[in-house]
Amino acid sequence: MRVIIEPDYEKLSLWAARYIARRIKMHERSGETRPFVLGLPTGSSPIGTYKELIRLVKSGYLSFRNVVTFNMDEYVGLPREHEQSYWTFMHKNFFDHIDIPAENINILNGMAEDPVAECQAYEEKIASYGGIDLFLGGIGADGHIAFNEPFSSLSSRTREKSLTYDTKVMNSRFFGGNISAVPSTALTVGVETVMSADEVIILVNGHSKARALKHTVEDGVSQAWTCSALQMHRRAIIVCDEDACDELKVATYRYFKDIEKANLEPMAL
């Protein structure tokens with residue numbers, strides 16, 4: 001596991017976006033005809049990363065024409081036109097501003113008549129592309145990845161999952177502070193779905209995520225903190241800011257600052 005510690009959210013976002021851009025460009029230059037397959041999250045954490053990727057596309061440096069995306073999750077019971085659906089979020093904050101073909105965008109259907117079949121088809125479609133090259137994600141204050149809440153199976157695949165009260169409280173800010181308006185379940189990729197990607201980048205920003213970062217990096221692998229499964233991934237990168245490091249041991253903090261000191265500035269393009 002690599003841990004990149006940036007001074008603030010802006011630098012964290014630039015680092016992640018430019019790493020992703022480099023990976024897409026490397027794939028493009030390799031002559032590989034297969035599209036680059038990118039897993040994507042919603043929430044506040046990736047907004048800065050999306051803004052930089054949009055800038056790179058508009059500048060002509062980057063193209064998403066040969067990129068296929070799979071989003072992490074979607075609320076059950078919200079039509080995609082709903083202002084708080086993740087379909088709407090992704091188009092408003094990212095897809096509407098880049099050159100990705102509409103047919104290359106994959107988001108779980110929260111209105112599917114058969115959620116089990118919808119989730120199985122999602123896994124099969126990921127497999128049809130040869131798997132995900134890079135999965136970008138964030139973690140919740142309780143360490144959940146996507147909607148894999150505490151005590152989710154670490155071998156889980158895409159499925160319907162109940163949301164905890166804490167998650168609903170956190171997300172109620174998007175529903176006018178009304179907890180009862182937050183859906184109680186969501187369709188979500190599983191922990192193993194994320195872990196099967198060739199690379200995983202997890203964004204962790206702010207003091208509210210400090211405890212989750214500690215469990216991700218320092219403590220043992222546990223289903224109580226699904227983020228801790230990243231310790232077992234062969235190519236996992238945590239990109240965090242200083243505030244998120246508040247609960248790391250001083251020795252841990254110094255170790256990662258030392259071994260990554262050549263990589264702490266956002267990549268020049």
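Coordinates for the structure precede this section.
I will try to describe carefully the structure that is included in this document. All figures in this text were calculated on a predicted structure; none of them were measured in a lab.

Structural notes on the sheet that holds strand E2 (residues 36-40)
The strand order E1-E10-E9-E6-E2-E3-E5 describes an open sheet built from 7 strands, whose pairing is parallel. Strands with a single pairing partner mark the edges of an open sheet, and in this sheet they are strand E1 (2-6) and strand E5 (105-106). Examined bridge by bridge, E2 and strand E3 (residues 67-71) share 5 bridges and lie parallel to one another. What sits directly across from Leu 38, in E3, is Thr 69.

Regarding the pairing of strand E6 (residues 134-138)
Of all 5 residues in E6, 5 are buried, a share of seventy percent or more. Side chains Leu 134, Leu 136 and Gly 138 of E6 all project onto a buried face; the interleaved residues Phe 135 and Gly 137 project onto the opposite face, where all are buried too. Both E2 and E6 contribute to a ladder of 2 bridges, which runs parallel. Paired with Gly 39 across the two strands is Phe 135, which belongs to E6.

Observations regarding the packing of aromatic side chains
Scanning the entire structure with this criterion turns up 11 aromatic pairs. Measuring from centroid to centroid gives 4.5 Å for Tyr 50 and Phe 94, while their planes differ by 15°, and the two rings are stacked. In this pair, Tyr 50 sits in helix H2 (residues 47-58) while Phe 94 sits in the loop between helix H3 (86-93) and E5, placing the two residues 44 residues apart along the sequence. For Tyr 50, a relative accessible area of 1% puts it in the buried group. Aromatic pair Phe 94 and Phe 95: ring centres 5.7 Å apart, planes at 40°, arrangement tilted. There is no split in this pair, since Phe 94 and Phe 95 are both buried. Through pairs of rings, three or more aromatic residues link up here, namely Tyr 50, Phe 64, Phe 94 and Phe 95. A cation over a ring is seen here: Lys 25 above Tyr 61, with NZ or CZ 4.8 Å from the ring centre.

With respect to the nonpolar core
In a soluble, globular protein the nonpolar side chains are often hidden away together inside. One finds Leu 53, Phe 64, Phe 94, Phe 95 and Ile 201 to be the most contacted residues of the largest nonpolar core, which totals 44 residues. Of all the elements in the fold, those that place two or more residues in this core are helix H1 (9-29), E2, H2, H3, E6, strand E9 (199-204) and strand E10 (236-241). Per element, the largest residue contribution to this core is 8 residues, and it comes from H1. Beyond its immediate chain neighbours, meaning those up to four positions away, Phe 94 contacts Leu 40, Tyr 50, Leu 53, Ile 54, Phe 64 and Phe 89. With 39 residues, the next largest nonpolar core counts Val 37, Ile 145, Leu 187 and Ala 224 among its residues.

About the cut-offs
Residues numbered from 1 in each chain as written. Predicted model: local features only at pLDDT ≥ 70, side-chain atom pairs only at ≥ 80, totals over all residues. Heavy atoms only, no water. Pairing = 2+ DSSP bridges. Helix = DSSP H or I, 4+ residues; strand = E, 2+ residues; numbered from the N terminus. Buried < 20%, exposed > 50% of the residue type's maximum accessible area, 1.4 Å probe, protein only. Phe/Tyr/Trp six-rings, centres within 6.5 Å; stacked < 30°, edge-to-face > 60°. Lys NZ or Arg CZ within 6 Å of the ring centre and 35° of its normal. Core = buried A, V, L, I, M, F, W, Y, C linked by side-chain atoms within 4.5 Å. Contact = heavy atoms within 4.5 Å.

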